[in-house]
Amino acid sequence: MKRYVVCGLSNRGLASFVLPLLDHGDTVAGVVDPDRARVESFNDSVLPEGHKRLPWYAPDDFDRMVDELAPDTVIVASPDHTHAGYIVAALARDLDVISEKPMVTTAADAVRVLDAERDSKGSVLVTHNMRYIPRHRQIKRLIQDGRLGRITHVALDYHVDVRHGGSYFQRWNRVRALSGGLSVHKGCHHLDLVSWWIDAAPEQVFAYGALNYYGPGSPHRPRDAAGVPYTGADLYERDPYYRAQAGSGAFAEPGGVRTGLYGLAYEHQYPDDTYLYDDEIDIEDTYSALVRYDSGASLAYSLDFSSPWEGYRVLISGTRGQIESRHGRTPDGTPLPGSDTFTFSPLFGEPETIEVIVREGGHEGADPLQRSDLFGEPAPESLRDNLLADARQGALAVATGEAIWRSAVEARPIDIAELLAES
């Protein structure tokens with residue numbers, strides 16, 4: 001039986017790794033996290049009956065943890081900017097790593113990981129779980145079977161709704177040094193998915209991006225009649241983002257202690273109140289990008305974080321036909337019409353409507369399937385479809401996301417090879 005250590009008792013670390021592993025009888029040997037109180041609260045109130053308390057280690061005690069617990073695999077589910085340190089430290093001890101996406105926040109750190117993996121007996125897998133969503137696997141199979149011919153172009157528009165989108169700007173994600181920006185933190189999901197669908201590596205990016213909805217200049221920031229930012233007692237009642245999220249739990253209550261799943265406090269990670277319009281916000285909330293791939297295909301990609309609905313529209317074009325899919329929901333969870341099908345249209349012939357496969361579990365059934373591959377033997381179908389993302393693929397997703405914001409800031413095309421110039 002393998003022994004796992006989890007770096008970061010985040011909501012994701014808790015729900016996707018610690019509890020599922022314990023439920024299936026696997027060994028979680030310990031937790032590395034700067035927030036000792038949160039780990040102790042987990043042991044006191046959430047740890048399933050019959051399991052030993054999980055020992056806590058501070059990040060600086062990583063080597064001591066390895067010596068004392070002798071893990072086989074390190075799971076990294078901490079804030080994005082800490083991933084590289086944990087991954088490199090684990091590889092230096094010849095341990096395997098499972099990292100939450102994004103693998104790291106910068107292309108430079110991606111190179112560090114690739115170099116460390118090259119010199120280690122350990123390896124890195126990245127949890128790009130969008131590959132595992134059943135509808136995405138159906139699309140992949142059509143492409144693999146040659147139904148579309150050679151892929152020429154992909155158009156992907158992804159929207160994040162006002163509840164979910166606004167929540168990023170109350171968290172550490174809103175600072176580029178901590179998240180890489182949302183073209184990395186969120187965009188890496190979509191960029192990896194496209195590369196996986198079309199089996200091609202990105203080469204060059206040109207993009208535009210801006211902060212349109214949040215930050216101090218937001219058109220939605222409550223202001224008085226003279227245009228001065230409003231600070232009255234009913235501030236949050238005047239704010240459309242706070243009104244829209246009422247009852248969702250997406251935002252922290254003003255002045256209160258922020259909590260996550262199972263009521264565990266996030267006092268260490270979020271010690272201060274944050275506001276959607278704070279001056280420290282230094283990332284974009286809107287992107288439009290063009291990506292060229294080594295196969296000759298291209299991607300037209302857009303991403304925004306303040307939409308009336310959440311989801312995507314995608315059109316994949318090839319020399320023999322097209323796939324078109326629209327999938328999404330409103331902020332209250334109502335599926336958008338057409339989300340249960342997608343269309344395959346041969347270049348010469350009648351369109352075919354395909355019903356999507358639906359499975360139980362997080363992220364439309366993707367999470368249980370991915371955990372089965374990560375913590376057991378990968379299924380033959382998973383190996384056939386190349387579902388597990390490796391460090392190189394994780395690096396390409398991060399570098400493409402960085403190329404998007406860099407291109408927007410520097411107003412020039414960015415070559416992926418330029419960002420991933422290896423030592």
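Treat the numbers as computed from the prediction; the structure is a model and nothing was measured. (Residues numbered from 1 in each chain as written. Predicted model: local features only at pLDDT ≥ 70, side-chain atom pairs only at ≥ 80, totals over all residues. Heavy atoms only, no water.)

1. Brief notes about the overall build of the protein chain
Okay, step 1: Within the protein chain one finds 16 helices and 16 strands.
Okay, step 2: The C-alpha radius of gyration of the protein chain comes to 22 Å, within 12% of the 22 Å expected for a compact globule of 423 residues.
Okay, step 3: Oriented by its inertia axes, the alpha-carbon framework of the protein chain measures out at about 65 × 65 × 45 Å.
Okay, step 4: Counting over 423 residues, the protein chain shows a buried share of 52%.
Okay, step 5: In the protein chain, 72% of the contacts between residues at least 6 apart in sequence involve partners at least 24 apart.
Okay, step 6: In the structure as shown, the protein chain presents an accessible area of about 18,200 Å², 50% of it carried by carbon and sulfur atoms.
Okay, step 7: In the protein chain, 41 positive and 63 negative side-chain charges are present, and the distance between their average locations comes to 2 Å. (Helix = DSSP H or I, 4+ residues; strand = E, 2+ residues; numbered from the N terminus. Rg over C-alpha atoms; globule rule 2.2 N^0.38 Å. Buried < 20%, exposed > 50% of the residue type's maximum accessible area, 1.4 Å probe, protein only. Contact = heavy atoms within 4.5 Å. Areas by Shrake-Rupley, 256 points an atom, 1.4 Å probe, with all protein chains shown as cover. Lys, Arg positive; Asp, Glu negative; His and termini not counted. Charge placed at Lys NZ, Arg CZ, Asp CG, Glu CD.)

2. Thoughts on the layout of surface pockets
In this approach the atoms are scanned with a rolling probe the size of a water molecule, which exposes any empty space left behind.
Okay, step 1: In this structure, the second largest pocket spans a volume of roughly 290 Å³.
Okay, step 2: Lining the second largest pocket are 18 residues; nearest its centre among them are Arg-137, Arg-359, Glu-381, Arg-384 and Asp-385.
Okay, step 3: Per-element tally for the lining of the second largest pocket: the top contributor is helix α6 (residues 134–144), with five residues.
Okay, step 4: Classifying every residue of the lining of the second largest pocket gives eight nonpolar, three polar and seven charged. (1 Å grid on protein atoms, 1.4 Å probe; cavity = no way out; pocket = protein on both sides within 12 Å on 5 of 7 lines; lining within 4 Å. Points joined across faces, edges and corners; volume = space filled by probe spheres on them. Nonpolar A, V, L, I, M, F, W, Y, C, P; charged D, E, K, R; others polar.)

3. Side note on the nonpolar core
Okay, step 1: Met-103 and Ile-316 are the most contacted members of the largest nonpolar core, which totals 96 residues.
Okay, step 2: When residues of this core are assigned to their parent elements, the largest contribution, eight residues, is made by helix α15 (residues 391–410).
Okay, step 3: Those residues in contact with Met-103 that lie beyond four places of it in its chain are His-83, Ile-87, Ala-110, Val-113, Val-124, Val-126, Ala-391, Gly-394, Ala-395 and Val-398.
Okay, step 4: Listed in part, the 22 residues of the second largest apolar core include Leu-14, Leu-22, Val-28 and Phe-42. (Core = buried A, V, L, I, M, F, W, Y, C linked by side-chain atoms within 4.5 Å.)

4. Describing the packing of helix α1 (residues 11–23) against helix α13 (residues 362–375)
Two packed helices can be described by the angle between their axes and the distance between those axes.
Okay, step 1: The contact between α1 and α13 brings their axes to 12 Å, and the two run at 50°. Considering the angle they form, α1 stands oblique to α13. In this structure, α1 meets α13 at a crossing whose hand is right-handed. Across the interface between the two elements, Arg-12, Ala-15, Ser-16, Phe-17, Pro-20 and Leu-21 from α1 touch His-363, Asp-367, Arg-371 and Phe-375 from α13.
Okay, step 2: Split into classes, the residues belonging to the contact of α1 with α13 amount to five nonpolar, two polar and three charged. (Axes fitted to C-alpha atoms, helices over the stretch in contact; angles between N-to-C directions. Parallel < 35°, antiparallel > 145°, perpendicular 65-115°, else oblique. Left-handed = near helix turned anticlockwise from the far one by under 90°.)

5. A word on the pairing of strand β8 (residues 202–210)
Okay, step 1: Sheet topology note: the β8/strand β9 (residues 286–293) ladder contains eight bridges and is antiparallel. Residue pairing for β9: Pro-202 is matched across the bridge by Tyr-293.
Okay, step 2: Where β8 meets strand β16 (residues 414–415), two bridges bridge the pair, whose relative direction is antiparallel. Looking at the pairing, Val-205 lines up with Ile-414 of β16. (Pairing = 2+ DSSP bridges.)

6. Regarding empty space enclosed by the protein
Okay, step 1: Inspection of every chain in the model, using the stated rule, returns two cavities of 30 Å³ or more.
Okay, step 2: If you add up the space inside the largest cavity, you get close to 50 Å³.
Okay, step 3: Around the largest cavity, the lining residues are Arg-12, Ser-16, Phe-17, Glu-100, Thr-127, Asp-367, Gln-370, Arg-371 and Leu-374.
Okay, step 4: Breaking the lining of the largest cavity down by element, the ones donating at least two residues are α1 and α13.

7. Points about the sheet that holds strand β10 (residues 298–307)
Okay, step 1: Strands sit in the order β14-β13-β12-β11-β7-β10-β9-β8-β16 across an open sheet of nine strands; the sheet is mixed. Unpaired on one side and paired on the other, β14 (352–355) and β16 mark the two borders of the sheet.
Okay, step 2: Sheet analysis places strand β12 (residues 321–329) next to strand β13 (residues 341–346), joined by five bridges and oriented antiparallel. Within β13, the position partnered with Glu-324 by the bridge is Thr-343.
Okay, step 3: Strands β7 (151–161), β8, β9, β10 and β11 (310–318) of the sheet are contacted by helix α10 (residues 187–198), whose axis makes an angle of about 155° with β10.

8. Brief notes about α15
Okay, step 1: Relative to the 28 Å expected for 20 residues at 1.5 Å per residue, α15 spans 27 Å between its end C-alpha atoms, a close match to the ideal helical length.
Okay, step 2: Burial within α15 is extensive, with 14 of its 20 residues counted as buried.
Okay, step 3: Once α15 ends, the next one or two residues include Ala-411, with phi positive near 55°. (Expected span 1.5 Å × (residues − 1).)

9. Re the packing of helix α5 (residues 107–118) against α15
Okay, step 1: In contact at an axis separation of 9 Å, α5 and α15 are set at 170° when each is read in the N-to-C sense. Here α5 lies roughly antiparallel to α15, going by the angle between them. Crossing hand, α5 versus α15: left-handed. On α15, the residues that touch Ala-107, Ala-110, Leu-114 and Glu-117 of α5 are Ala-391, Arg-392, Ala-395, Val-398, Ala-399 and Glu-402.

10. Comments concerning the packing of aromatic side chains
Okay, step 1: Within this structure, the stated rule accounts for 13 aromatic pairs.
Okay, step 2: Aromatic pair Phe-62 and Tyr-86: ring centres 6.3 Å apart, planes at 40°, arrangement tilted. Of this pair, Phe-62 sits in helix α3 (residues 62–69) while Tyr-86 sits in helix α4 (residues 83–92), and the two are 24 residues apart along the sequence.
Okay, step 3: On the basis of an interplanar angle of 90° and a centroid distance of 5.4 Å, the ring pair of Phe-206 and Tyr-208 is categorised as edge-to-face.
Okay, step 4: On the accessibility criterion, Tyr-208 (59% relative accessible area) is exposed.
Okay, step 5: An aromatic cluster is present here, built from Phe-169, Tyr-213, Tyr-214 and Tyr-241 joined pairwise through their rings.
Okay, step 6: A cation over an aromatic ring shows up here: Lys-140 above the ring of Trp-196, its NZ or CZ 5.2 Å from the ring centre.
Okay, step 7: Seen from the ring of Trp-405, Arg-176 lies directly overhead, with NZ or CZ sitting 4.1 Å from the centre. (Phe/Tyr/Trp six-rings, centres within 6.5 Å; stacked < 30°, edge-to-face > 60°. Lys NZ or Arg CZ within 6 Å of the ring centre and 35° of its normal.)

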